[in-house]
Amino acid sequence: MQRDPKLVELDEAMALAVPALRERPDLCLGGLFKQSRPVALVRAALAAGAKGLNLYSSPGAGYDVDLMIAADAVAAVFIPGVTLENRLCPNFRAAVESQRITAHALDALSVVGGLMASANGVPFQPIAALKASDVLKHNPLISEFECPITGDTLHAARALRPRVTFLHAQEADRWGNIRHLSTMVYADQLMARASDMVIVSVDRIVEDDVVLDDPRRVTIPSHYVDAVVHIPYGAHPTASFPLYAMDEEHIDAYADLGDAARKGDPAGLSEYLSKHVTGAPDQQTYIDEIGGAKRMQVLEQEAAEL
Amino acid sequence: MQRDPKLVELDEAMALAVPALRERPDLCLGGLFKQSRPVALVRAALAAGAKGLNLYSSPGAGYDVDLMIAADAVAAVFIPGVTLENRLCPNFRAAVESQRITAHALDALSVVGGLMASANGVPFQPIAALKASDVLKHNPLISEFECPITGDTLHAARALRPRVTFLHAQEADRWGNIRHLSTMVYADQLMARASDMVIVSVDRIVEDDVVLDDPRRVTIPSHYVDAVVHIPYGAHPTASFPLYAMDEEHIDAYADLGDAARKGDPAGLSEYLSKHVTGAPDQQTYIDEIGGAKRMQVLEQEAAEL
Amino acid sequence: MSDFSPLEQMTVVLARDLKDRELGAAGAAALVPMAAIALARELHAPNLSIGGEMFFNPYPSRLYPSMLDDRALGRCEGSETFIELFGHSHHGLDFFFHSGLQHDRFGNINLHFVGGTLDAPKMRGPGAANLSYCHTSTRYYICPTVHNVRNFVGKVDFVTIPGHLDGPQSKRAAGLTKEGPRFVITPRAVMDFDPDTLEMRLKSVHCGNSVQDVLDHTGFALNVPEGVGTTPPPSKAELDALRNKIDPTGELRH
Amino acid sequence: MSDFSPLEQMTVVLARDLKDRELGAAGAAALVPMAAIALARELHAPNLSIGGEMFFNPYPSRLYPSMLDDRALGRCEGSETFIELFGHSHHGLDFFFHSGLQHDRFGNINLHFVGGTLDAPKMRGPGAANLSYCHTSTRYYICPTVHNVRNFVGKVDFVTIPGHLDGPQSKRAAGLTKEGPRFVITPRAVMDFDPDTLEMRLKSVHCGNSVQDVLDHTGFALNVPEGVGTTPPPSKAELDALRNKIDPTGELRH
């Protein structure tokens, strides 16, 4: 008998993820801000009609979350910080201000603690470091309780179990063993341990021996992974260090379109969405449209020079 | 101004550790069973007169714990499994049977959970996976409480904060950044995060650039480390993979001496202790006495062939 | 004399019961369990995953008496630490393996002491690291490498690893909802548990042993259902795979 | 025009207050804080450690507007994940940095919304990831890169990051036992907090600004103690280290 690979095509991965999200729309996204976000998977899920999503992430997100809001796929955002860092997220902002989505006021420990509880298999994670912020008054992920050891008032972060998690990493083998080559691995490993279903895009596939010769480089063993998809530049316009840097120009241009839409001129944003998202181009078409191999080389060069 | 290295001599490290253990005798030992145990540090602490210790470890320990008991330095053992794997620990067994030490009946999750709580900075770690064992009736590290989320009865593992932790790893830089090259890292990282003081022995010191060129290989950043000591073969007779294998013959010969002592003939064990422990030879003398470079080459060869 | 060893017989019995796509780990006394998992992966369960004890899907080049270190398992598809093990212990595996100083008629296991009390034991054992897989995992196997009147007793002196406790009622009362111990595999025989009483009973006797041999070496009155037969011996394919690919140094035959 | 930029002035003020052997991290808007930490390490605090935000002791070759990614910090002495960050957030650092959409007279910071309510905000901000360092760390610094009547207000619309709340009593009642915000450093001035009332007050004005400039650009009646002077400008040694070793691309001067 032969072992079955977990390496699948993008549409096969979406055939797993999208029905699962219809069943329970809790989607968690890997990476952090402009790094290693699973953008190609996000575009594919939007093209496949994902709707009404509750979005989770490591505590900081930006472009991809804003894009999903622009595509009208989001019901609620459970992410402490949503920002493009150098500017606000235009569609996030517009959707919250017009009350089209709910943006919960949260903090990092509540989200991370909830994922820790889920990964650890316990009902909650105690938190002792939350005080005096108005965020505590509105945070739906935590509740107060009395510490059975000290008697102090602590917060319990309920186990947070995403139905589906999308991650992006640099490498995997065909069995689904994942290798992050970046220095930062964010909360990706924790999310993989905390989630019902895990789909990972990777920039390249490596031979079995690459994994076996250095098992400590495996960041997420295949046990946690339901499907791995080979998508070169799958994090664009976010970075996939050390392979390519974030495409700040692309994100800025997108944000300009978003700000225009927010101020009443949605044409540019609509065109962006129909070209890059609902038009569902394959990854090669997408790359060609956002600047092609030439643009990718610039981003690769930038990452290589660090 | 110049940065101060954390690389010190063995006696300097003991000048930190032994008074700290006099203050609060909770000592935690890294590695697992016959792998990466900080044996040279243990011998040095015994030679420096450490006494009345409460011993913690990852959930499985053997030779080094037995040695500390043989040297009459132990008051209580808080380690779930104490065994040489192929045979029982003779001095552990004899000391418990004659009620000279207390060996608590514990399980892995209570110890790991207590270290997790300490590392996480919270008063306790909830555990939901302990049922029906007699171990629960005697376990001093946990207490029952009602889950604030589900109402179920759970166990709370109180934060377990060793006063001193001894670890052994393969490499460090002079600043105290530690690199485990073994595939398994056991609970060493968790212990480093959970302890008041951390002393690490390493088989070799690497240049600064080795660390900086591959930061993901740093298993314990120097922030957690109080002192690092360069002790080649510092884990002997346990293994330091991938550099050298465990010295099963040495451990077996030691266990024979221990069993003889248990049965009424302590001469061999006394000689072993005075030669290797209270005689406080330096590491080179120790290595010479246990078989010298020739024996080390056998163990290195065995590790290299895997 | 048969042309296979008792440990080889144990290994193939265990391997046959492991299913494709399951997740499991070998436990502490891992020689036979690890051989069984490897054999199942080789023959009928290529998607069976080894995980939960810090190594994922190791490819050992040979067997070792201890199977929880880099020597045996360093070549693998990933390694974890005790933090992740904490999580696996809660989520449970599909199968696990245990053995102890004493095993009793309900499959309870004692690793702590024999005679006396916990504080003043006549003989102190090693204890056990992980107690949780026995009730968070779907099932487990008891597989001691000796079988005699001292390690098969009517009632254990201390329940380190709960089996079926005192039977269905006590198991229910303690909240043990999983199968618990499925089989007891020793060098002499295979035992299982009566589904109504959860008492241990003889299932089959290995070639070269008689029912009476097994009873003589069991420290309590073992139930012997009608029609107990011989344990199906290793097939040629099983023995070939075991000896050529998994145990080239013959650890199971020593 | 002085021969250094407002951000360079901010950087040196912050750097001077960081001590050798301390542990701290830069927070989200990290350009100036990371420059300050690097300058302190270069000049007087070689044993100061950067940690708590997943990178330990990075050696960035230049500054970036965002300083929490591999581009800026990939060359470092170790990396961690959000699990370890959870622990650091409880154990606290020696120092941290914050800034927001609004800062009020008690040093409270708002990053969530301006006008309206949380559910129906007039303007929704980014929120904030880590709220805990502000009260688990020994102290923190507020260092926004703009200073005007919109971001310095009498009372924030929402307390994302608690400063001194409404003063000593409320701080005590909320269990905030650490120093909280020590200084507010902006492109115009340095403010601190009256130890009795914990109200913000002017400490010094940067070269090229007058007290009146600062008051005109602050949205509440800022206390001006007697004898407020000029912020000591960067020394030649500070500027040389900053421009040659830490900020060779001049991000602080853009």
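From a predicted model like this one, the values you see are computed outputs, not experimental measurements.

### What about the overall build of chain C?
- Counting secondary structure elements, chain C contains eight helices and 13 strands.
- In summary, chain C has a C-alpha radius of gyration of 18 Å against a globular reference of 18 Å for 254 residues, a match within 12%.
- Taking all 254 residues of chain C together, 63% fall into the buried category.
- If you sum the accessible surface of chain C, you get close to 8900 Å²; carbon and sulfur atoms cover 52% of it.

### Comments concerning the overall build of chain A
- Helix and strand counts for chain A stand at twelve helices and 14 strands.
- Compactness check: chain A gives a C-alpha radius of gyration of 19 Å against a globular reference of 19 Å for 306 residues, within 12% of the reference.
- Taken over the C-alpha atoms alone, chain A extends approximately 60 × 60 × 40 Å along its principal axes.
- For chain A, the residues scored as buried account for 65% of the 306 residues in total.
- For chain A, long-range pairs separated by at least 24 residues make up 74% of all intrachain contacts whose partners lie at least 6 apart in sequence.
- If you sum the accessible surface of chain A, you get close to 10000 Å²; carbon and sulfur atoms cover 47% of it.
- Once the 27 positive and 41 negative side-chain charges of chain A are each reduced to a mean point, those two points are 4 Å apart.

### Overview of the packing of helix α1 (residues 6-16) of chain D against helix α2 (residues 31-43) of chain D
Residue and element names in this part refer to chain D.
- Packing of α1 against α2 leaves a shortest axis separation of 8 Å and a crossing angle of 50°. If you check the angle between α1 and α2, you find them oblique. The handedness of the crossing between α1 and α2 comes out as right-handed. Side by side, α1 and α2 meet where Leu7, Met10, Thr11, Val12, Leu14 and Ala15 of the first sit next to Leu31, Val32, Ala35, Ala36, Leu39 and Ala40 of the second.
- Along the lines of polarity and charge, the residues of the contact of α1 with α2 split into eleven nonpolar, one polar and no charged.

### A short note on the interface of chain D and chain A
- Tallying the contact residues gives 43 residues for chain D and 50 residues for chain A.
- Together chain D and chain A conceal approximately 3800 Å² of surface at their shared face, both sides included; 65% is due to carbon and sulfur atoms.
- Of all residues in chain D, Arg71(D), Phe82(D) and Arg124(D) give up the largest surface area on contact with chain A, accounting jointly for 19% of the area buried on that side.
- The salt bridge involving Glu248(A) is made with Arg71(D); its shortest N-O contact spans 3.1 Å.

### Let's talk about the nonpolar core
- Core analysis: the biggest nonpolar cluster contains 229 residues, and Val200(A) and Val200(B) have the highest contact counts within it.
- For Val200(B), the contacting residues outside a window of four places in its chain are Leu41(B), Leu167(B), Ala169(B), Ile178(B), Val225(B), Ala227(B), Val228(B) and Val229(B).
- Judged by nonpolar contacts, the second largest core, of 54 residues, contains Leu41(B), Leu84(B), Phe92(B) and Val277(B).

### As for the pattern of salt bridges
- According to the stated counting rule, one finds 80 salt bridges over all chains in the structure shown.
- Note that Asp26(B) is salt-bridged to Arg24(B), the shortest N-O span being 3.1 Å.
- For Arg24(B), a relative accessible area of 26% gives the class partly exposed.
- In this structure, Glu22(C) and Arg139(C) form a salt bridge, with 2.8 Å as the shortest nitrogen-oxygen distance. Here Arg139(C) lies in strand β8 (residues 139-142) and Glu22(C) lies in the loop between α1 (6-16) and β1 (23-24), a separation of 117 residues in the sequence.
- We classify Arg139(C) as buried; its relative accessible area is 3%.

### What to know about the pairing of strand β8 (residues 139-142) of chain D
Residue and element names in this part refer to chain D.
- Both faces of β8 are covered, namely the face carrying Arg139 and Tyr141 and the face carrying Tyr140 and Ile142.
- In this structure, strand β3 (residues 95-98) lies alongside β8, joined through four bridges in parallel fashion. Following the sheet pairing, Phe96 is matched in β8 by Tyr140.
- When β8 meets strand β10 (residues 181-185), the two strands line up parallel, connected through three bridges.

### Notes on the sheet that holds strand β5 (residues 109-110) of chain D
All names here are of chain D.
- On the basis of which strands lie adjacent, the open sheet formed by three strands has the order β5-β4-β9 and mixed pairing. For this open sheet the edge positions go to β5 and β9 (152-153), each flanked by a neighbour on one side alone.
- Here two bridges tie strand β4 (residues 102-104) to β9, and the two strands are oriented parallel to one another. By the bridge assignment, Asp104 is partnered in β9 with Val153.

### What to know about the pairing of strand β13 (residues 197-205) of chain A
Residue and element names in this part refer to chain A.
- With seven of nine residues buried, β13 is to be regarded as a mostly interior element.
- Direction of pairing for β13 relative to strand β14 (residues 227-230): parallel, over a ladder of four bridges. Residue pairing across strands places Val200 opposite Val228, the latter belonging to β14.

### So, the interface of chain D and chain B
- Of the residues lining the interface, 23 residues belong to chain D; the matching set on chain B comes to 24 residues.
- Taken together, both faces of the contact between chain D and chain B bury some 1900 Å²; the carbon and sulfur share is 50%.
- When the buried area of chain D at its contact with chain B is split by residue, Pro46(D), Arg75(D) and Glu77(D) rank highest and sum to 30% of it.
- If you look at where chain D meets chain B, you find four salt bridges.
- Note that Arg75(D) and Asp209(B) form a salt bridge whose closest N and O atoms lie 3.0 Å from each other.
- Along the contact surface separating chain D from chain B lie twelve residue pairs in polar contact (both at pLDDT 80 or more).
- Considering each element in turn, the side of chain D that touches chain B owes the most residues, seven residues, to helix α4 (residues 82-91) of chain D.
- Across the side of chain D that touches chain B, the residue classes break down as seven nonpolar, ten polar and six charged.

### Topic: the sheet that holds strand β10 (residues 153-158) of chain A
Residues and elements named next belong to chain A.
- Read across the sheet, three strands follow the order β8-β10-β9 without closing on themselves; strand pairing throughout is antiparallel. Edge positions in the sheet fall to β8 (124-127) and β9 (142-146), since each of these pairs with one other strand and no more. The mean inter-strand angle of the sheet, taken between neighbouring strand axes irrespective of direction, is 35°.

### Considerations on empty space enclosed by the protein
- Enumeration over the complete set of coordinates arrives at six cavities of 30 Å³ or more.
- If you trace the largest cavity, you find 43 residues lining it, with Gln189(A), Gln189(B), Glu84(C), Thr81(D) and Glu84(D) closest to the centre.

### Looking at the side chain of Asn91(A)
All names here are of chain A.
- Looking at where Asn91 falls in the secondary structure, it is placed in helix α4 (residues 90-97).
- On the accessibility criterion, Asn91 (9% relative accessible area) is buried.
- In this structure the side chain of Asn91 is engaged in a polar contact, spanning 2.8 Å, whose partner is the side chain of Asp66.
- The residues touching Asn91, leaving out its near neighbours within four places in the chain, are Asp66, Ile69, Ala70, Tyr254, Gly258 and Leu269.

### Here's the deal with the packing of aromatic side chains
- Going through the model one piece at a time under the given rule, you end up with 25 aromatic pairs over all chains.
- Taking 5.0 Å as the distance between ring centres and 75° as the angle between the ring planes, the aromatic pair formed by Tyr63(A) and Tyr254(A) counts as edge-to-face. Of this pair, Tyr63(A) sits in helix α3 (residues 63-70) while Tyr254(A) sits in helix α9 (residues 248-262), and the two are 191 residues apart along the sequence. Summarising the burial analysis for this pair, Tyr63(A) and Tyr254(A) share the class buried.
- Through a chain of ring-to-ring contacts, the aromatic side chains of Phe124(A), Phe145(A), Phe124(B) and Phe145(B) assemble into a single cluster.
- Over the aromatic face of Tyr59(D) sits the side chain of Arg41(D), whose NZ or CZ is 5.7 Å from the ring centroid.

### A word on unusual backbone geometry
- In this structure, Pro242(A) follows Phe241(A) across a cis peptide bond, with omega equal to 5°.
- When you line up the elements, Pro242(A) lands in the loop between β14 and α9.
- Here Asp72(A), not a glycine, exhibits a phi torsion of approximately 65°, which is positive.
- You can see Asp72(A) is positioned in the loop between α3 and β5 (74-77).
- Here the phi dihedral of Ser36(B) falls at roughly 50°; this positive angle occurs in a residue that is not glycine.
- Counting through the fold element by element, Ser36(B) comes out in the loop between β2 (26-29) and α2 (39-47).

### With respect to the side chain of Glu97(B)
- Examined against the element boundaries, Glu97(B) turns out to sit in helix α4 (residues 90-97).
- Only 2.7 Å separates the side chain of Glu97(B) from the backbone nitrogen of Arg124(C), close enough to count as a polar contact.
- Setting aside anything within four residues of it in sequence, one finds Glu97(B) in contact with Arg262(B), Pro121(C), Lys122(C), Met123(C) and Arg124(C).

About the thresholds
- Residues numbered from 1 in each chain as written.
- Chains lettered and ligands numbered in written order.
- Predicted model: local features only at pLDDT ≥ 70, side-chain atom pairs only at ≥ 80, totals over all residues.
- Heavy atoms only, no water.
- Helix = DSSP H or I, 4+ residues; strand = E, 2+ residues; numbered from the N terminus.
- Rg over C-alpha atoms; globule rule 2.2 N^0.38 Å.
- Buried < 20%, exposed > 50% of the residue type's maximum accessible area, 1.4 Å probe, protein only.
- Areas by Shrake-Rupley, 256 points an atom, 1.4 Å probe, with all protein chains shown as cover.
- Contact = heavy atoms within 4.5 Å.
- Lys, Arg positive; Asp, Glu negative; His and termini not counted.
- Charge placed at Lys NZ, Arg CZ, Asp CG, Glu CD.
- Axes fitted to C-alpha atoms, helices over the stretch in contact; angles between N-to-C directions.
- Parallel < 35°, antiparallel > 145°, perpendicular 65-115°, else oblique.
- Left-handed = near helix turned anticlockwise from the far one by under 90°.
- Nonpolar A, V, L, I, M, F, W, Y, C, P; charged D, E, K, R; others polar.
- Buried area = accessible area lost by both parts, 1.4 Å probe.
- Salt bridge = Lys/Arg side-chain N within 4 Å of Asp/Glu carboxyl O.
- Core = buried A, V, L, I, M, F, W, Y, C linked by side-chain atoms within 4.5 Å.
- Pairing = 2+ DSSP bridges.
- Polar contact = N/O pair within 3.5 Å; in protein donor to acceptor, adjacent residues only side chain to side chain.
- 1 Å grid on protein atoms, 1.4 Å probe; cavity = no way out; pocket = protein on both sides within 12 Å on 5 of 7 lines; lining within 4 Å.
- Points joined across faces, edges and corners; volume = space filled by probe spheres on them.
- Phe/Tyr/Trp six-rings, centres within 6.5 Å; stacked < 30°, edge-to-face > 60°.
- Lys NZ or Arg CZ within 6 Å of the ring centre and 35° of its normal.

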